[in-house]
Amino acid sequence: MRRSTHCGASLNGGSRSLRSTPWRRALLLLPLIVLLSGCDKDKALRFGFPEPVTQQGHRILSLWTGAFWAALVVGVFVYALILWACFRFRRRGSRVPRQVHYNVPIEALYVALPFVIIGVLFYYTARDETYVDKLTKNPDVRIGVVGFQWNWQFNYPDEKLQVTGRPGQIPTLVLPVDKRILFIETSPDVIHSFWVPDFLFKRDVVPGRANRFEVRTDKTGTFDGRCAELCGVYHSRMLFTVKIVPENEYKRFLITAKAQAAAGKSDIYSTTSGGTATAAVTAGSPH
Ligand SMILES: [Cu+2]
């Protein structure tokens, strides 16, 4: 009898602390979470993704946020069920709870429901991947990307111009806004990965093959780019800058860069014989 009284007291004490402590902690943490999030409501609603600067990026963002909301709803529902079961059916005295057998409708539901969720996620992923990978017949600008140990070269085959990063000099890829840009990637050595976080996209640069992708730029600005594949000892030096500018500024850039290249005044700009984008990409990569 004494033992059961002691046990009851401990359980009551336990339930009291369960009721108060986690909630107090959560309330204390809440301002900290808001503070650490930088109070950027838009970024919080993008679940950490940057604001996209290409049309394809908007589609990728909607896929990401959709999947995140779905995961959030499922997560909250599952945790609520777990907590509800923990509190609702916690031990009370020495009474044995009602013993039950299987429940066919509920078991059928929790087998079928995950398949429905996977099916929906699969559908949207396949749909958006097809959209992002789509290449148009006549892109406005073709850019050859050469990733090499340890820098980048950008070729403008239609302009017979190439931009090559040198040690200590980060190359800038200038692109016009509101245009369809086709990228053709190659590598003379190992696998690299062309990544512009604000595109919400990266693609491997693989030796022996030309990987292609296309974006439509829709916002001007200067954005960081980097290699996203550990490609050797100086992988961290593989940085570049992407500058998306209005068309007249883009044309001015081409004129200036080509003039500097022709005059031999620049380490970064040089002229090429042109040709197809792939040929221009693979030709003359510095090593
Ligand atoms: Cu690399």
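Everything that follows concerns the structure shown earlier in this document.
All values reported here derive from a predicted model rather than from experimental measurement. Counting of residues starts from 1 at the beginning of each chain's written sequence and follows it residue by residue. Since the coordinates come from a predicted model, pLDDT governs what is reported: local features require at least 70, and pairs of side-chain atoms require 80 or more to be given and counted, while whole-chain, interface and lining totals use all residues. The basis for the side-chain values is all heavy atoms of the structure; hydrogens and waters are excluded.

Chemist: Quick question: what am I supposed to make of the pattern of salt bridges here?
Modeler: Two side chains carrying opposite charge are able to pair once their charged atoms lie near each other. For salt bridges, the criterion is a side-chain nitrogen of Lys or Arg within 4 Å of an Asp or Glu carboxyl oxygen. Tallied over the full model, the rule gives nine salt bridges. The shortest N-O distance in the salt bridge between glutamate 51 and lysine 219 comes to 3.8 Å. Of the two residues, glutamate 51 sits in the loop between helix 2 (41-45) and helix 3 (55-88) while lysine 219 sits in the loop between strand 8 (211-216) and strand 9 (221-227), which places them 168 residues apart along the sequence. With a 1.4 Å probe rolled over the protein chains alone, any residue whose accessible area is under 20% of its type maximum counts as buried; one over 50% counts as exposed, and the rest are partly exposed. Here glutamate 51 falls in the partly exposed class, since its relative accessible area comes to 42%. Two residues, lysine 251 and glutamate 247, come together in a salt bridge whose shortest N-O distance is 3.6 Å. One end of the pair, lysine 251, and the other, glutamate 247, are both in helix 5 (residues 247-263), four residues apart, so they sit about a helical turn from each other. Classification of glutamate 247 by relative accessible area gives partly exposed; the value is 34%. It is possible to trace a salt-bridge network through shared partners that takes in Arg59, Arg127 and Asp128. Numbering goes from the N terminus for both helices and strands, where a helix is a DSSP run of H or I of at least four residues and a strand is a run of E of at least two.

Chemist: Sorry if this is basic, but what is going on with the side chain of histidine 235 here?
Modeler: Topologically, histidine 235 is positioned in the loop between strand 9 and strand 10 (239-245). Contacts are assigned to residue pairs that have any heavy atoms within 4.5 Å of one another. In contact with histidine 235, other than residues within four places in its own chain, are Trp150, Cys227, Ala228, Glu229 and Leu230.

Chemist: Please clarify how unusual backbone geometry should be interpreted in this entry.
Modeler: With an omega dihedral of 0°, the bond running from glutamine 149 to tryptophan 150 counts as a cis peptide bond. Mapping tryptophan 150 onto the fold places it in the loop between strand 1 (141-148) and strand 2 (151-156). The backbone of leucine 200 shows a phi angle near 55°, a positive value even though the residue is not glycine.

Chemist: It is not clear to me how the sheet that holds strand 7 (residues 201-205) should be interpreted in this structure. Could you clarify?
Modeler: Picture the strands of a sheet paired through backbone hydrogen bonds; they go either parallel or antiparallel. Two strands are said to pair when DSSP picks up at least two bridges between them. A sheet is described by the order of its strands in space; here five strands give the open sequence 4-10-9-6-7, paired in mixed fashion. Of all strands in the sheet, those bounded by a partner on one side alone are strand 4 (172-176) and strand 7. Adjacent strand axes in the sheet meet at a mean angle of 25°, parallel and antiparallel pairs treated alike. As judged from the five bridges shared by strand 4 and strand 10, these two strands associate in the parallel manner. From the neighbouring strand, threonine 172 faces strand 10, where its bridge partner is threonine 241. Fitted lines through C-alpha atoms serve as axes, helices being fitted only where they are in contact, and the angles separating the N-to-C directions of these axes extend from 0 to 180 degrees.

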